[in-house]
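Listed below, chain by chain, are the residues.
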Amino acid sequence: MFHLTIKYSEKKIIPVRGSTQPQISVWVRKSQSSDGSNYNGTQPRLWLKNNSAIGSFVDSNDVLLATASAANGTWEQLSAILPITPFEDTAFEVYLDCSGTTGWVNIDDWKIN
């Protein structure tokens, strides 16, 4: 398990076979007061890092894949099908972001289907 207290998590490298669009998922949980501090920031979001060398991105921005909505103290799975189909075997980078001044976000169990 990873605790996210900074704005961005470390990037996760996702291997992708050519001509496929795998589904990525990750479990997140915002801290609550009984943990020691209530998370007070924005909802955690799952992002696909832009890399024009491996995909046809519309522009140079990262792509938002999913946004959390569960209450503090509740585990929630964020998941999305990667919106880019590579021509050959490659790897994509995904990450989570959030912002807050108290509390943290737990991150656990990355999965690729």
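Rules of the game
- Residues numbered from 1 in each chain as written.
- Predicted model: local features only at pLDDT ≥ 70, side-chain atom pairs only at ≥ 80, totals over all residues.
- Heavy atoms only, no water.
- Phe/Tyr/Trp six-rings, centres within 6.5 Å; stacked < 30°, edge-to-face > 60°.
- Helix = DSSP H or I, 4+ residues; strand = E, 2+ residues; numbered from the N terminus.
- Buried < 20%, exposed > 50% of the residue type's maximum accessible area, 1.4 Å probe, protein only.
- Lys NZ or Arg CZ within 6 Å of the ring centre and 35° of its normal.
- Salt bridge = Lys/Arg side-chain N within 4 Å of Asp/Glu carboxyl O.
- Polar contact = N/O pair within 3.5 Å; in protein donor to acceptor, adjacent residues only side chain to side chain.
- pLDDT = per-residue confidence, 0-100.
- Pairing = 2+ DSSP bridges.
- Axes fitted to C-alpha atoms, helices over the stretch in contact; angles between N-to-C directions.

Visitor: Give me the lowdown on the packing of aromatic side chains, citing residues and values where you can.
Guide: Within the structure shown, the criterion is met by one aromatic pair. Seen in terms of ring centroids, W47 and Y95 are 6.4 Å apart; in terms of plane orientation they differ by 10°. Their pairing is stacked. In this pair, W47 is assigned in strand β4 (residues 45–48) and Y95 in strand β7 (residues 90–97), connecting sequence segments 48 residues apart. One exposure class covers both W47 and Y95, and it is buried. Stacked on the ring of Y95, the Lys or Arg K11 has its end atom at 6.0 Å from the ring centre.

Visitor: So, the pattern of salt bridges: which residues are in play, and what are the values?
Guide: Pairs can form between side chains of opposite charge whenever their charged atoms are close. In this structure the tally under the stated criterion is three salt bridges. As a salt-bridge pair, R17 and D89 come within 2.9 Å of each other at their nearest N and O atoms. With R17 in the loop between β2 (12–16) and β3 (23–30) and D89 in the loop between β6 (76–81) and β7, this residue pair connects regions lying 72 residues apart in the sequence. Looking at R17, the relative accessible area reads 57%, which means it is exposed. The exposure class assigned to D89 is partly exposed, which follows from its relative accessible area of 46%. With a closest N to O distance of 2.7 Å, D97 and R45 form a salt bridge. Within this pair, whereas D97 is found in strand β7, its partner R45 is found in strand β4, the two being separated by 52 residues in sequence.

Visitor: Please set out the side chain of D97 residue by residue, giving values where relevant.
Guide: By relative accessible area, D97 is classed as buried at 4%. At a separation of 2.7 Å, a polar atom in the side chain of D97 contacts the side chain of R45. Within the local environment of D97, its side chain forms a polar contact with the side chain of W47, the two groups lying 3.0 Å apart.

Visitor: Describe in detail the confidence of the model for the protein, supporting the description with residues and values.
Guide: Averaged over all residues, the pLDDT of the protein equals 87, while 86% of them reach at least 70. The spread of mean pLDDT over the elements of the protein runs between strand β1 (residues 2–4), the lowest at 51, and β6, the highest at 97.

Visitor: Lay out the sheet that holds strand β5 (residues 63–67) in plain terms, naming residues and giving numbers.
Guide: An order of β2-β7-β4-β5 is seen for the four strands of this open sheet, with the pairing classed as antiparallel. Taken across any chain shown, the strands that pair with only one partner, and hence form the sheet edges, are β2 and β5. Taken pair by pair, the neighbouring strands of this sheet meet at an average axis angle of 30°, ignoring direction. As paired elements, β2 and β7 share five bridges and run antiparallel to each other.

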